[in-house]
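What follows is the residue order along each chain.
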Amino acid sequence: MAAVFLTACSGAQPAAAISKPASTPTVIQPSLKEQPPTQPAASGQGSSTALQVSATPLAQEPQASTPQPASCVSPASLTPAVTEGPYFKAGSPERSSLLQAGMAGTKLTISGMVLSSDCRPVAHALLDFWQADSQGQYDNSGYALRGHLFTDANGRYQLETIVPGLYPGRTEHIHVKVQAPGGPVLTTQLFFPGVQQNDSDSIFMPELVMPVVKSSDGWQAVFNFVVNLK
Ligand code: FE
């Protein structure tokens, strides 16, 4: 993958203000193409050879209702790459919530860490998310359900969004690009447990399934990324 150096973005925007990207994370690189939604998903597995995610709780005691990631054991396998698909847009706004007033769907919080293969937290790693709405539609004219954020000093991140809808040929998924400062860009997708369409989606990988706890306040998911630092 191409190494793309990022500059820090500042000034997180409020959740409802998504019309103007605050800054542009330069995280574009060639990747396999996800099939258009009108066609069956092709074999879109990325080129990563290490296909096991070893996720990690490092610093904090998880709360009782928080799903548990697996422990990180060094050397941890890198998070596998999968196809970018046709709907990535550069220039997403920096924000930790993709929720907007009136947005339909089930609230979803994804949290976790970005780690190196020796299980060290990666501070200020970029995570750039994009996803379909609850009806399976992407916003290709604006930036609804698109946004990027950075891990904190302890390598932690948290995103507030909604559960994406299905669209033809694909199971439920959330796209993300992850990049340690000065490191290569990982393009991958996150999946949900127990979705029937997982079995028929050739892009789906069990290593990329987020443990999810469902409650009256929405769904809580966790995922720890393991990335190359250079
Ligand atoms: Fe997609």
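For clarity, every value in this text was computed on a predicted model and none was experimentally measured. (Residues numbered from 1 in each chain as written. Predicted model: local features only at pLDDT ≥ 70, side-chain atom pairs only at ≥ 80, totals over all residues. Heavy atoms only, no water.)

## Brief notes about the overall build of the protein chain
Counting secondary structure elements, the protein chain contains zero helices and nine strands. The order of helices and strands in the protein chain, counted from the N terminus, is β-β-β-β-β-β-β-β-β. Here the protein chain holds 230 residues, and the buried ones make up 52% of them. Long-range pairs, those at least 24 residues apart, make up 76% of the contacts in the protein chain between residues at least 6 apart in sequence. Accessible surface computed for the protein chain: about 10,200 Å², of which carbon and sulfur atoms make up 52%. (Helix = DSSP H or I, 4+ residues; strand = E, 2+ residues; numbered from the N terminus. Buried < 20%, exposed > 50% of the residue type's maximum accessible area, 1.4 Å probe, protein only. Contact = heavy atoms within 4.5 Å. Areas by Shrake-Rupley, 256 points an atom, 1.4 Å probe, with all protein chains shown as cover.)

## Overview of the side chain of His 148
Inspection of the secondary structure puts His 148 in strand β3 (residues 146-150). For His 148, the side chain forms a polar contact with the main-chain oxygen of Ser 92, separated by 2.9 Å. (Polar contact = N/O pair within 3.5 Å; in protein donor to acceptor, adjacent residues only side chain to side chain.)

## Observations regarding the confidence of the model for the protein chain
Across the protein chain, the average pLDDT comes to 80, with 70% of residues at 70 or higher. Note that pLDDT drops below 50 for residues 1-33; the model gives that stretch 89 contacts with residues more than four away or on any other chain. Note that pLDDT drops below 50 for residues 36-64; the model gives that stretch 81 contacts with residues more than four away or on any other chain. (pLDDT = per-residue confidence, 0-100.)

## Some thoughts on the nonpolar core
Ranked by internal contacts, the top residues of the largest apolar core, which has 36 residues, are Leu 127, Phe 129, Phe 192 and Phe 225. Apart from residues no more than four positions distant in its own chain, Phe 225 is found in contact with Thr 79, Met 113, Val 114, Leu 115, Leu 127, Tyr 157, Val 176, Val 178, Leu 186, Thr 188 and Leu 190. Residues Cys 72, Leu 78, Met 113 and Cys 119 belong to the second largest nonpolar core, which totals seven residues. (Core = buried A, V, L, I, M, F, W, Y, C linked by side-chain atoms within 4.5 Å.)

## Things to note about the sheet that holds strand β5 (residues 173-179)
Strand order in the open sheet formed by four strands is β3-β2-β5-β6, and the pairing between neighbours is antiparallel. At either margin of the open sheet sits one strand with a lone partner, and together these are β3 and β6 (185-191). Taken pair by pair, the neighbouring strands of this sheet meet at an average axis angle of 20°, ignoring direction. The sheet contact formed by β5 and β6 spans seven bridges and is antiparallel. (Pairing = 2+ DSSP bridges. Axes fitted to C-alpha atoms, helices over the stretch in contact; angles between N-to-C directions.)

## Looking at the coordination of the iron ion
Listed as protein donors to the iron ion are Tyr 138 (OH), Tyr 167 (OH), His 173 (NE2) and His 175 (NE2); their distances from the metal cover 2.0 to 2.2 Å. Angles of 92 to 161° at the metal separate the four donor atoms of the iron ion, which places the site in the irregular class. When the donors of the iron ion are listed by position in the chain, the intervening gaps give Y-x28-Y-x5-H-x1-H. One end of the pair, Tyr 138, is in the loop between β2 (126-130) and β3; the other, Tyr 167, is in the loop between β4 (156-162) and β5, and 29 residues separate them in sequence. On the basis of relative accessibility, which here comes to 11%, the residue Tyr 138 falls in the buried class. Accessibility expressed as a relative area gives 5% for Tyr 167, which makes it buried. (Donors = N, O, S within 2.8 Å, 3.2 Å for Na, K, Ca; no water. Tetrahedral: all angles 85-135°; square planar, octahedral: opposite > 155°, others 65-115°.)

## With respect to the packing of aromatic side chains
The final tally for this structure, using the stated rule, is nine aromatic pairs. Aromatic pair Phe 129 and Tyr 157: ring centres 6.3 Å apart, planes at 35°, arrangement tilted. Residue Phe 129 is located in strand β2, and its partner Tyr 157 is located in strand β4; the two are separated by 28 residues in the primary sequence. Owing to a relative accessible area of 4%, Tyr 157 belongs among the buried residues under this scheme. Of note, Lys 177 hangs over the ring of Phe 88, and the distance from its end group to the ring centre comes to 4.7 Å. One Lys or Arg, Lys 214, reaches over the ring of Trp 219 and ends 4.2 Å from the middle of that ring. (Phe/Tyr/Trp six-rings, centres within 6.5 Å; stacked < 30°, edge-to-face > 60°. Lys NZ or Arg CZ within 6 Å of the ring centre and 35° of its normal.)

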